[in-house]
Amino acid sequence: MGLDAWIFGILVLLGHSLLVIFLHNRFYSLAVDHKTTDRIQLVHFLWLCLGPIALWFLWSGQVPSPQTTDPEWFRALLWGLAAVGLIGPPLDIYLRSKRRQMTPDSSCSPLQTTQANHPSVYVGPGIWGRIAQLPGNRSLYPVLELSEVPLVGLPLALDGLTILHLSDLHIKKTPNSYFFESVAEGLATLEPDLICLTGDLVEKGGMAHAEVFRSFLMRLRFREAGLAILGNHDFWHPTQPTLNLLKDLGYQHLGNKRSTLRIRDTNVSLWGLEYPWNSELPEGWKQPFEEWTLCLSHTPDHFSRFARLGKGLMLAGHVHGGQIRLPLFGPVIMPSVHGRTFDQGWFRRKNAYLHVSQGLGGGHPIRFGCSPGASLITLKASKET
Ligand SMILES: [Fe+2]
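Counting starts from 1 at the beginning of each chain's written sequence and moves along it residue by residue. With pLDDT at 70 or above as the cut-off, local features in this predicted model cover only qualifying residues; side-chain atom pairs require 80 or more to be listed or tallied, and sums for whole chains, interfaces and linings still use all residues.

The secondary structure listing takes helices from DSSP runs of H or I that are at least 4 residues long and strands from runs of E that are at least 2 residues long, numbered from the N terminus. On a plain count of helices and strands, the chain comes out with eight helices and 16 strands. Atoms counted for the radius of gyration: C-alpha only. Globule rule: 2.2 Å times residue count to the power 0.38. Relative to the 2.2 N^0.38 estimate, which gives 21 Å for 385 residues, the radius of gyration of the chain is 22 Å and therefore close to what a compact globule would have. Once the C-alpha set of the chain is aligned to its principal axes, its extents read approximately 75 × 50 × 40 Å. Whether a residue is buried, exposed or partly exposed is read from the other C-beta atoms within 10 Å of its own C-beta, which are placed from the backbone; 20 or more gives buried, 12 or fewer gives exposed, and intermediate counts give partly exposed. Of all 385 residues assigned to the chain, the portion counted as buried reaches 38%. Contact definition: two residues whose C-beta atoms, as placed from backbone geometry, lie within 7 Å. For the chain, the proportion of contacts with a sequence separation of at least 24, taken over those separated by at least 6, is 75%.

Written out as structure tokens, the structure is:
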């Protein structure tokens, strides 16, 4: 068993893993119902874990020689996976380097003060509560990011506008109500001009989860407006209780359409995008913007179109910063048609800007190398191009 066989075997395993992750991320960006999503998620997980074992047995328990493995179709499969393992990482690094990512002035600090001593307070019963407390899991350790962002094309009237961007709360048993109380306490003193919620707010679970969401929002204050859209997880159970709650607390549900907001004696054009989980892509979304536009979209997948239509700021979530971020490789779980392109933070195309929140929660409390977080953004008018 030579060195070439070992290298070949490692490339095959790497190619196999990259292929499963690639397919999983693309699939999860589609509008698919909850049950199908759960099933496919399980299939992908088993495929990821059991695939190498199956390959091993097909190899008759031997690390194969790349030249002699039989039958021919199996040899072709191995060579294909090895090619993916060889070409995939440098190609991915190149494509990610072509992104126009921005690094505005920002600072990051823990959002809570007491949790580090008592992480068990923030979990519910069951397996997910235990997983949330695994060493290295950041699910119970949220951060607050403060950033000041120069935007070309921002109307002067909006210079200095502050936005608290929250996304993907996924309120459920873990993290629990104490976690969100604690986060709300950390955010209560901010009083931004706008609070923008970009979907996946409450998980299926009836009034208990809705009440946690209500208590959380009641602690927060905005000066001008609260804006919200729903995400795929919100559409996987009846949406009306969440919409009623948002309305009760003075939040404007942008839905899947265009609207206008008056801020500082200026009309600001708004877009809400809940597509593909809410009906069809709105017809008006194909028309170029006449004014600077603030867009709340659950997925960052619409940013390319947004940048073609005009100038403005898009706020998005959905991808949770990848949930698992590996050294060198970066984010792993990225449900987006663009794969790992828009993972978290700031991106720019022409005079269109995108902020992707890493989210406060997740479908599952698994976050390694990726803290949950909230973002307080201060918009600054910039003349630089
Ligand atoms: Fe989410």
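To continue, consider the nonpolar core. By convention in this section, buried Ala, Val, Leu, Ile, Met, Phe, Trp, Tyr and Cys residues joined through C-beta atoms within 7 Å make up a nonpolar core. Cys196, Met314 and Leu354 are the most contacted members of the largest nonpolar core, which has 61 residues in total. Once residues lying within four places of it in the same chain are set aside, the contact partners of Met314 are Cys295, Ser297, Phe303, Phe306 and Leu354. Judged by nonpolar contacts, the second largest core, of seven residues, contains Leu11, Val12, Leu81 and Ala82.

Attention now moves to the pairing of strand β5 (residues 194-198). The buried fraction of β5 amounts to five of the five residues, a majority that puts the element mostly inside the structure. In β5, alternate side chains face the same way, and those of Leu194, Cys196 and Thr198 on one face and Ile195 and Leu197 on the other are all buried. By definition, two strands form a pair when at least two bridges between them are found by DSSP. Note that strand β4 (residues 162-166) and β5 share four bridges and pair parallel. Looking at β5, one finds that His165 is bridged to Cys196.

Taken as a whole, the chain is organised into domain 1 (3-97) and domain 2 (102-382). These domain boundaries are the output of an automatic or database domain assignment. For domain 1 and domain 2, the distance between their C-alpha centres works out to 33 Å. Every contact between the two is made by eleven residues of domain 1 and, on the other side, 13 residues of domain 2. Elements supplying a minimum of two residues to the side of domain 1 that touches domain 2: α1 (3-28) and α3 (72-97). A per-element tally of the side of domain 1 that touches domain 2 places α1 first, with five residues. Three classes are used: nonpolar for Ala, Val, Leu, Ile, Met, Phe, Trp, Tyr, Cys and Pro, charged for Asp, Glu, Lys and Arg, and polar for all others, with Gly counted as polar. Residues that form the side of domain 1 that touches domain 2 fall into these classes: five nonpolar, three polar and three charged.

Right, let's talk about the sheet that holds strand β7 (residues 251-253) for a bit. Sheet architecture is open: seven strands sit in the order β2-β3-β16-β4-β5-β6-β7, paired in mixed fashion. Each end of this open sheet is capped by a strand with a single partner; those strands are β2 (105-110) and β7. When the angles between neighbouring strand axes are averaged without regard to direction, this sheet yields 20 degrees. For strand β3 (residues 143-152) and strand β16 (residues 373-382), the ladder comprises ten bridges, and the chain directions are parallel. Opposite Ser147, over in β16, you have Ile377 as the bridge partner. Only the stretch in contact is used when fitting a helix axis, every axis being a line fitted to C-alpha atoms; angles between N-to-C directions are given from 0 to 180 degrees.

What follows is about the packing of helix α6 (residues 207-219) against helix α7 (residues 240-248). Where α6 meets α7, the closest approach of the two axes is 11 Å, and the angle between their N-to-C directions is 20 degrees. As summarised for this structure, α6 and α7 are arranged roughly parallel, according to the angle between their axes. You can see that α6 and α7 cross each other, and the crossing is right-handed. Residues Ala210, Phe213 and Arg214 of α6 pack against Pro241, Thr242 and Leu245 of α7. The residue inventory of the contact of α6 with α7, partitioned by class, reads four nonpolar, one polar and one charged. When an angle is under 35 degrees it counts as roughly parallel; over 145 it counts as roughly antiparallel; between 65 and 115 it counts as roughly perpendicular; any other value is oblique. Here is the rule for handedness: rotate from the far helix to the near one, and if that takes an anticlockwise turn smaller than a right angle the crossing is left-handed, while a clockwise turn gives right-handed.

Once that is clear, we can look at the packing of α1 against α3. Orientation of α1 relative to α3, taken along the N-to-C sense of each, is 80 degrees, at an axis distance of 7 Å. By the angle between their axes, α1 is roughly perpendicular relative to α3. In this structure, α1 contributes Phe8, Leu11, Val12, Leu14, Gly15, His16, Leu18 and Leu19 to the contact, and α3 contributes Leu78, Leu81, Ala82, Ala83, Val84, Gly85, Leu86 and Gly88. Classifying every residue of the contact of α1 with α3 gives twelve nonpolar, four polar and no charged.

This paragraph deals with the environment of Pro175. With respect to the secondary-structure elements, Pro175 resides in the loop between β4 and α5 (177-187). Once you skip the residues sitting within four places of it in the chain, Pro175 turns out to touch Tyr122, Val123, Ala132, Ser139, Leu140, Gly361 and Pro365.

Once that is clear, we can look at unusual backbone geometry. For the peptide bond that leads from Thr174 to Pro175, omega is -5 degrees, which places it in the cis range. Look at the link from Tyr275 to Pro276: it is a cis peptide, with omega at 10 degrees. Positive phi, close to 50 degrees, is recorded for Arg264, a residue that is not glycine. Relative to the helices and strands, Arg264 resides in the loop between β8 (258-263) and β9 (266-273). Positive phi, normally seen in glycine, also occurs at His318, with a value near 75 degrees.

Read from one edge to the other, the open sheet built from seven strands follows the order β1-β14-β15-β11-β10-β9-β8, with strand pairing classed as mixed. Only two strands of the sheet have a single neighbouring strand rather than two, namely β1 (101-102) and β8.

Here β2 pairs with β3 via six bridges, running antiparallel. Bridge assignment links Asp105 to a residue of β3, and that residue is Glu148.

Residue position: Val149 is located in strand β3. Separated by 56 residues in the primary sequence, Val149 and Ile93 place their C-alpha atoms 26 Å from one another. If sequence neighbours within four positions are ignored, Val149 has contacts with Pro104, Trp346, Ile377, Leu379 and Lys380.

Position of His24 relative to the elements: it lies in helix α1. For the pair His24 and Pro365, spaced 341 residues apart in sequence, the C-alpha separation works out to 18 Å.

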